[in-house]
Amino acid sequence: MARGKRWFLCLLGLGILALLAPAVTSQEKAAGAVSVVVRVFDRARFVEGLTREDFEIEVNRVPQKIEALYEIDKNAVVRKDGEAAAAPNTSRKFYLLFQMYEYNPKVSDALRYFFNSVLLPGDTLEVQTSVKSYMLTPQAFAQKPKDVLAKEMDEILRKDINRGNFVYKELVRELRRLVQGIEGTNPIGGGDEASGAMVSQFGLEQMMNQYRESLAKLEALQIIEEGKIVAFAEALKKQSGRKILFLFFQQEYRPEIGTQALNTLIDNNQDNQTVLADLHELFQVYHRNMAYNVKRVVEAYCDSGADVNFLFMKKTPERFGNINMREQSEDVFKLFSQIAEATGGVAETTQNPATEIQDAVRTAEMYYLLTFTPAPPAASGAFEPLTIRVKGKDYKILTRRGYIAD
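Parameters at a glance
- Residues numbered from 1 in each chain as written.
- Predicted model: local features only at pLDDT ≥ 70, side-chain atom pairs only at ≥ 80, totals over all residues.
- Heavy atoms only, no water.
- Helix = DSSP H or I, 4+ residues; strand = E, 2+ residues; numbered from the N terminus.
- Pairing = 2+ DSSP bridges.
- Axes fitted to C-alpha atoms, helices over the stretch in contact; angles between N-to-C directions.
- Phe/Tyr/Trp six-rings, centres within 6.5 Å; stacked < 30°, edge-to-face > 60°.
- Buried < 20%, exposed > 50% of the residue type's maximum accessible area, 1.4 Å probe, protein only.
- Lys NZ or Arg CZ within 6 Å of the ring centre and 35° of its normal.
- Contact = heavy atoms within 4.5 Å.

Trainee: Describe unusual backbone geometry, naming the residues involved and giving the relevant values.
Mentor: Omega for the bond connecting Ala375 with Pro376 falls within 30 degrees of zero, at -5 degrees, which places this linkage in the cis form. As for its position among the elements, Pro376 is in the loop between strand 15 (366-372) and strand 16 (383-390).

Spelled out as structure tokens, the structure:
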């Protein structure tokens with residue numbers, strides 16, 4: 001796998017690690033029941049002290065009987081209401097996945113907060129970069145102070161971002177160089193202004209073909225393979241306990257011709273239909289096409305039982321003369337925002353990941369675990385939509401939108 005591959009493509013490797021883990025017979029499977037994490041908020045305050053009688057659960061609009069309720073703070077059961085075959089597994093597995101092509105020093109603050117203020121004895125952590133994944137077990141936390149581990153992980157992350165995205169950054173630089181050549185501001189072969197004008201006049205079609213080829217290579221590094229993303233969700237489902245994912249995605253930009261230069265090129269090439277078609281395709285209507293079945297992906301993550309938190313890291317684009325840096329993240333942003341919202345997680349846009357991860361963690365720490373046996377049972381493989389309410393209250397409810405029947 002090329003080092004320029006993004007963490008989307010590394011998810012399969014992470015998923016395989018999970019698939020190879022020992023199979024777990026969970027309370028949900030052993031009792032034929034479904035367990036759902038539910039977080040209830042009155043504005044920003046978590047609502048404590050609710051009972052089974054306070055909740056209403058519907059599966060496919062059919063009311064369900066809640067058999068057990070557990071109120072949990074971090075990894076400790078603070079209150080139980082009802083009976084269940086076994087106590088719930090409240091161990092926590094955290095996943096930090098970084099999709100970054102430039103290191104952001106504010107990530108250090110996020111890691112330091114996470115290691116020092118979030119992780120508890122018994123927690124496990126997996127960190128995924130574009131190069132590899134790193135597993136930190138409870139034994140690892142026992143061997144070194146948390147601040148030392150945070151610093152070491154920060155150094156690893158910095159190195160992996162620089163090493164794993166070398167091809168990506170080279171291609172962005174190549175696109176920028178070609179745009180400057182197309183505009184005639186920085187001739188491809190160097191030389192004076194006269195030679196630059198000649199290159200722009202006679203080599204325009206060739207440069208746009210090179211731009212198209214480099215852009216295709218860049219797109220190949222960013223392909224989200226639907227099957228691998230779904231396989232990761234299926235692997236997560238096999239893990240017991242609480243599963244909490246934080247996806248750090250850095251905003252991307254693509255170099256393209258500025259509006260004034262584009263209009264000039266169009267005016268100067270009215271008799272060249274090939275050039276006009278290329279300018280239209282590459283700089284007026286171009287849109288990255290990532291074909292995936294959003295419904296399939298979202299349902300797989302709902303079924304995984306994991307809370308997915310999507311932290312979109314805004315970035316101010318660099319300025320290079322008259323080059324336009326077009327935002328290139330809207331498709332990925334849409335997909336992962338939908339996954340986060342459908343799993344009961346949060347999707348936030350930020351320039352300070354430390355602040356957002358603190359807010360996301362606080363939102364996730366306290367929750368209810370509701371257990372019920374679906375009636376009537378659904379056909380295996382069917383996605384069963386969930387509706388959960390608190391009777392007579394207009395509280396904000398964060399929970400998964402459904403599950404796939406076994």
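Having seen the model, we can carry on.
Trainee: How would you summarise the sheet that holds strand 16 if you had to cite specific residues and measurements?
Mentor: Here four strands make up an open sheet; going across it, the order is 4-3-16-18 and the pairing antiparallel. The outermost strands of the open sheet, each flanked by one partner alone, are strand 4 (62-64) and strand 18 (402-404). Taken over all neighbouring pairs, the strand axes of this sheet differ in orientation by 30 degrees on average, direction set aside. Bridge analysis of strand 16 against strand 18 gives three bridges, and the strand direction is antiparallel. Its bridge partner lying in strand 18, Phe383 is registered against Ile404.

Trainee: Run through the packing of aromatic side chains, naming residues and quoting values.
Mentor: One pass over the structure, following the stated rule, counts 16 aromatic pairs. A ring pair is formed by Tyr211 and Phe283, whose centres lie 5.0 Å apart and whose planes are at 55 degrees; its orientation type is tilted. You can see Tyr211 sitting in helix 8 (residues 204-221) and its partner Phe283 sitting in helix 11 (residues 273-283), a full 72 residues away along the chain. A relative accessible area of 0% means that Tyr211 is categorised as buried. On the accessibility criterion, Phe283 (4% relative accessible area) is buried. Feature note: the residues Phe249, Phe310, Phe312, Phe333 and Phe336 constitute an aromatic cluster, connected by ring pairs. A cation over a ring is seen here: Arg176 above Phe320, with NZ or CZ 3.9 Å from the ring centre. If you follow Arg242 out to its NZ or CZ, it ends over the ring of Tyr367, 4.1 Å from the centre.

Trainee: How would you sum up the pairing of strand 7 (residues 92-99)? Please name residues and give values.
Mentor: Within strand 7, eight of the eight residues are buried, leaving the element largely enclosed by the surrounding structure. Across the two faces of strand 7 the burial is the same, with Arg92, Phe94, Leu96 and Phe98 and Lys93, Tyr95, Leu97 and Gln99 all buried. One ladder, built from eight bridges, connects strand 7 with strand 10 (residues 242-250); its direction is parallel. Opposite Lys93, over in strand 10, you have Lys243 as the bridge partner. As judged from the five bridges shared by strand 7 and strand 8 (residues 124-128), these two strands associate in the parallel manner. Following the sheet pairing, Leu97 is matched in strand 8 by Gln128.

Trainee: Residue-level account of the environment of Ile257, with values.
Mentor: As for its position among the elements, Ile257 is in the loop between strand 11 (253-256) and helix 10 (259-268). Look at Ile257 and you get buried, because its relative accessible area is 3%. For the pair Ile257 and Gln284, spaced 27 residues apart in sequence, the C-alpha separation works out to 9.7 Å. Apart from residues no more than four positions distant in its own chain, Ile257 is found in contact with Val179, Ile182, Glu183, Leu262, Leu265, Leu279, Phe283 and Asn324.

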